[in-house]
Amino acid sequence: MATALCSALALSPNQVLNAANPGDQKFPMKYSKDRSVVMTVAATGILGKGGGLLDRPTIEKTSPGRESEFDIRKSRKASPPYRVLLHNDNFNKREYVVQVLMKVIPGMTVDNAVNIMQEAHHNGLAVVIVCAQVDAEDHCMQLRGNGLLSSIEPADGGC
């Protein structure tokens, strides 16, 4: 849940809890629909004569048990690389294999997809991509989901 905190006005708990209503001129407040975010306006003088000062809220996002995107990318780079392998089959047309490779593998060009398809057709097996294990498993499952024969294996010696 995201919370916003603004503070440029010192208020006692009695002032906060005993405010006449949320729109009181002495204590202006803004509530979100679920009243989880409260923003206070710090007044410099009287609000009706020159306005107040609204501090930029500090937003904290807290999700227990979740890693940040940076931590996830860092852990993926630290994991050992895996090869995604494409196996030849006698069921799918060559054009279809090229289309699936371009759809499933990010950044796959037509030329690379054709070369991978040709290698699998002639040699029975081709390396599609070398990446982290999590990504390799995902690519392999997507290729299988589109009717292609695919597997993964640890890459020896890195990328």
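Right, let's walk through the structure included here. (Residues numbered from 1 in each chain as written. Predicted model: local features only at pLDDT ≥ 70, side-chain atom pairs only at ≥ 80, totals over all residues. Heavy atoms only, no water.)

**Quick word on the overall build of the protein**
Tallying secondary structure elements over the protein gives five helices and nine strands in all. Secondary structure elements of the protein occur, N-terminal to C-terminal, as β-α-β-β-β-β-β-α-β-α-α-β-α-β. Among the 159 residues that make up the protein, the fraction classed as buried is 25%. Excluding contacts between residues fewer than 6 apart, the proportion of contacts in the protein whose partners are at least 24 apart in sequence is 64%. Accessible surface, the protein: about 11300 Å² in total, of which carbon and sulfur atoms supply 53%. (Helix = DSSP H or I, 4+ residues; strand = E, 2+ residues; numbered from the N terminus. Buried < 20%, exposed > 50% of the residue type's maximum accessible area, 1.4 Å probe, protein only. Contact = heavy atoms within 4.5 Å. Areas by Shrake-Rupley, 256 points an atom, 1.4 Å probe, with all protein chains shown as cover.)

**A short note on helix H3 (residues 94-104)**
Among the residues of H3, those classed as buried are Val97, Val98, Val100, Leu101 and Val104. Looking straight down H3, one finds that the buried residues subtend no more than 165° of arc, so they occupy a single side. Seen from the open side of H3, the exposed residues pointing more than 90 degrees away from its buried face are Glu95, Gln99 and Lys103. Contacts from the buried residues of H3 go to strand S7 (81-87), helix H4 (110-123), strand S8 (125-132) and helix H5 (133-145). (Arc of directions from axis to C-beta.)

**Looking at the packing of H3 against H5**
In helix packing, the relevant descriptors are the interaxial angle and the interaxial distance, both defined with respect to the helix axes. One can describe the packing of H3 onto H5 by two numbers: an axis separation of 10 Å at closest approach and a directional angle of 145°. For the pair H3 and H5, the crossing hand works out as right-handed. Across the interface between the two elements, Val100, Leu101 and Val104 from H3 touch His139, Gln142 and Leu143 from H5. Each residue belonging to the contact of H3 with H5 can be placed in one class, and the counts come to four nonpolar, two polar and no charged. (Axes fitted to C-alpha atoms, helices over the stretch in contact; angles between N-to-C directions. Left-handed = near helix turned anticlockwise from the far one by under 90°. Nonpolar A, V, L, I, M, F, W, Y, C, P; charged D, E, K, R; others polar.)

**Comments concerning the pattern of salt bridges**
Counting across every chain of the model gives one salt bridge. In this structure, glutamate 153 and arginine 83 form a salt bridge, with 2.9 Å as the shortest nitrogen-oxygen distance. In this pair, glutamate 153 sits in strand S9 (residues 149-154) while arginine 83 sits in strand S7, placing the two residues 70 residues apart along the sequence. (Salt bridge = Lys/Arg side-chain N within 4 Å of Asp/Glu carboxyl O.)

**Some thoughts on the sheet that holds S8**
Here three strands make up an open sheet; going across it, the order is S8-S7-S9 and the pairing antiparallel. Pairing within the sheet leaves two strands with one partner each, and these edge strands are S8 and S9. Ignoring which end each strand starts from, the neighbouring axes of this sheet average 25° apart. Here S7 runs beside S8; their pairing, made up of seven bridges, is antiparallel. The partner of arginine 83 across the bridge, within S8, is valine 130. Against the sheet, H5 makes contact with S7, S8 and S9, and its axis sits at roughly 140° relative to S8, the strand it touches most. (Pairing = 2+ DSSP bridges.)

**Some words on the side chain of serine 151**
Structurally, serine 151 is set in strand S9. Within polar-contact distance, the side chain of serine 151 engages the side chain of histidine 87 at 2.7 Å. Contacts of serine 151, omitting those with residues within four sequence positions, involve Arg83, Val84, Leu85, His87, Cys140 and Arg144. (Polar contact = N/O pair within 3.5 Å; in protein donor to acceptor, adjacent residues only side chain to side chain.)

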